[in-house]
Amino acid sequence: MTEQKHTSVEQAKADGKYIRTIKSFVKREGRLTKGQQAALDAHWPTMGLEHKNGLIDPKALFNNDGQLVLEIGFGMGASLVEMAKNAPETNFIGIEVHLPGVGACLSSANEAEVTNLKVYEHDAIEVLRDCVPDESLDTVQLFFPDPWHKTRHHKRRIVQPAFVESLRTKLKIGGVFHMATDWENYAEHMIEVMNAADCFENIATNGDFVERPEHRPLTKFEQRGHRLGHGVWDIMFKRIK
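The structure presented is a predicted model; accordingly, all values stated were derived computationally and were not measured.

J.: Hey, could you run me through the pattern of salt bridges in this one?
T.: Pairs can form between side chains of opposite charge once their charged atoms are near each other. Per the stated rule, a full pass over the model turns up seven salt bridges. In this structure, Glu-135 engages Arg-239 in a salt bridge whose closest nitrogen and oxygen atoms are separated by 3.3 Å. With Glu-135 in the loop between α6 (124–131) and β5 (137–143) and Arg-239 in strand β8 (residues 233–239), this residue pair connects regions lying 104 residues apart in the sequence. Note on Glu-135: relative accessible area 45%, which makes it partly exposed. With relative accessibility at 6%, the residue Arg-239 sits in the buried group. Of the charged contacts in the structure, one is a salt bridge between Lys-172 and Asp-138, with a shortest N-O distance of 3.2 Å. Taken together, the residues Lys-172 in strand β6 (residues 171–181) and Asp-138 in strand β5 connect sequence positions 34 residues apart.

J.: Mind showing me how you'd approach the sheet that holds β6 here?
T.: Each strand in a sheet pairs with another by means of backbone hydrogen bonds, the pair being arranged parallel or else antiparallel. Sheet architecture is open: eight strands sit in the order β1-β4-β3-β2-β5-β6-β8-β7, paired in mixed fashion. Two strands in the sheet have a free side with no partner beyond their single neighbour: β1 (48–49) and β7 (200–202). Sitting on the sheet, helix α8 (residues 184–195) touches β6, β7 and β8, and the angle it makes with β8 is about 10°.

J.: For this particular structure, what's the right way to read the confidence of the model for the protein?
T.: Detailed reading of predicted coordinates is not advised where the pLDDT is low. Model confidence for the protein is summarised by a mean pLDDT of 89, while 88% of its residues fall at 70 or above. pLDDT under 50 marks residues 1–10. Its contacts with residues more than four places away, or in other chains, come to 16 contacts. In this model residues 16–20 is a low-confidence stretch, pLDDT under 50, and it forms six contacts with partners more than four residues away in sequence or in other chains.

J.: Could you clarify how one ought to interpret the packing of aromatic side chains in this entry?
T.: Any two aromatic rings considered together are summarised by their centre-to-centre distance and by the angle between their planes. Summed over all chains, the structure comprises one aromatic pair. Centroid distance Phe-163 to Phe-177: 6.2 Å. Interplanar angle 65°. Geometry classified as edge-to-face. In this pair, Phe-163 is assigned in helix α7 (residues 161–170) and Phe-177 in strand β6, connecting sequence segments 14 residues apart. Of the two residues, Phe-163 and Phe-177, both sit in the buried class. A cation sits over an aromatic face here: Arg-216 above Phe-143, 5.5 Å from the ring centre.

J.: Honestly, the nonpolar core in this entry has me stumped. Any pointers?
T.: Across soluble globular proteins, nonpolar side chains have a tendency to be buried as a group. If you look at the biggest cluster of nonpolar residues, it comprises 37 residues, and the most contacted ones within it are Ile-72, Ile-93, Tyr-120, Val-159, Phe-177, Met-179 and Phe-200. Secondary-structure elements contributing two or more residues to this core are β2 (68–72), β3 (91–95), α6, β5, α7, β6, α8 and β8. Among the elements that take part in this core, α8 stands out by supplying six residues, more than any other. Once residues within four sequence positions are removed from consideration, Phe-177 is found in contact with Val-140, Leu-142, Phe-163, Leu-167, Leu-171, Met-194, Phe-200, Ile-235, Met-236 and Phe-237. Judged by nonpolar contacts, the second largest core, of 22 residues, contains Met-47, Cys-105, Ala-112 and Val-114.

J.: Would you take a moment to explain the UniProt feature "binding site: substrate" (unreviewed entry) in the protein for this structure?
T.: Here the UniProt-annotated "binding site: substrate" (unreviewed entry) positions come out as Lys-150, Asp-182, Thr-219, Lys-220, Phe-221 and Glu-222. Residue position: Thr-219 is located in the loop between β7 and α9 (220–227). Tracing the chain through its elements places Glu-222 in helix α9. For Glu-222, a relative accessible area of 3% translates into the label buried.

J.: Would you mind going over the pairing of β5 with me for this structure?
T.: Every other side chain in a regular strand lies on the same face of the sheet, so the side chains alternate between the two faces. Summarising burial for β5: seven of the seven residues are buried, a large majority. Here three bridges tie β2 to β5, and the two strands are oriented parallel to one another. Bridge pairing in β5 places Val-69 opposite Thr-139. In this structure, β5 lies alongside β6, joined through six bridges in parallel fashion. Within the sheet, the bridge partner assigned to Phe-143 lies in β6 and is Ala-180.

Cut-offs applied
Residues numbered from 1 in each chain as written. Predicted model: local features only at pLDDT ≥ 70, side-chain atom pairs only at ≥ 80, totals over all residues. Heavy atoms only, no water. Salt bridge = Lys/Arg side-chain N within 4 Å of Asp/Glu carboxyl O. Helix = DSSP H or I, 4+ residues; strand = E, 2+ residues; numbered from the N terminus. Buried < 20%, exposed > 50% of the residue type's maximum accessible area, 1.4 Å probe, protein only. Pairing = 2+ DSSP bridges. Contact = heavy atoms within 4.5 Å. Axes fitted to C-alpha atoms, helices over the stretch in contact; angles between N-to-C directions. pLDDT = per-residue confidence, 0-100. Phe/Tyr/Trp six-rings, centres within 6.5 Å; stacked < 30°, edge-to-face > 60°. Lys NZ or Arg CZ within 6 Å of the ring centre and 35° of its normal. Core = buried A, V, L, I, M, F, W, Y, C linked by side-chain atoms within 4.5 Å. UniProt positions renumbered as here; feature names shortened; annotations may be inferred.

As C-alpha cells, this is what we get:
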C-alpha cells in the first residue's frame, strides 16, 4: 500500500502525520487595537487572501496584468502601502504572520485609497508553495527580516538555499529578489547564500551591495538607525535561468 501523497502541510497534519518545520519567525500576536480590528472587519473581505483557497490567478485578482511584487514580512505595512500608492500601475501582495500588523496595513491602505494591494496573514513559505503561480513574480521583497543573531539560531534565518530555490521557481526570468537588513552578519549570510545560487546574479555594479533604491521608502526605524550610525545593506539579485 503506497503512502498517500499530501498536497500541503495542513493536510498531512490532518491525516495524523507529524511534520516538523523550522520557522523563521516567532508568533508574537499582541493585542489588536480597536482601529486594527475595525480595519480587518471592514477591509479583509476585499483585500485579504486566504491560504486555504490555494493557487491565485494574479490577472483575475487585480483585474489587470501589471507587474507583480510580493513582500514577505511587511510588519505594520507602512512602507508597503507607500510603495503601492506610489506605483498604482503595479500590483502588490504582502504576507505577514502577525495579525495586528495586518490590521494596521489594511487601515493604512484604506486611508491612502490604495486599490492595488492584497495581503495574506499566513506563513510565507506555505503561501509561496501553495498559492503563488510559477514564474508569476517580477519582484520579491524581504526587508529587515528577523536576523536571529545568535549563532545557534542562524538555521532559523529565512534566507537559506531551499528558500531561495522556492523563490526561483516563482520569479520570472529577470525577476528580482530584493533584500535589506541592518545586521551586517546577516547581510554577509545573504550574499553567501545568493552567490551559491547559480540561477541568480547580483545586480550590484560596485561590490556586493546596492544603494537603497528610490522605490524603497526609508522607514522610521531606518532613519533612527542612520542617526545612530547604524548601517543598512540592500541586496538585489535577479533570476537569470
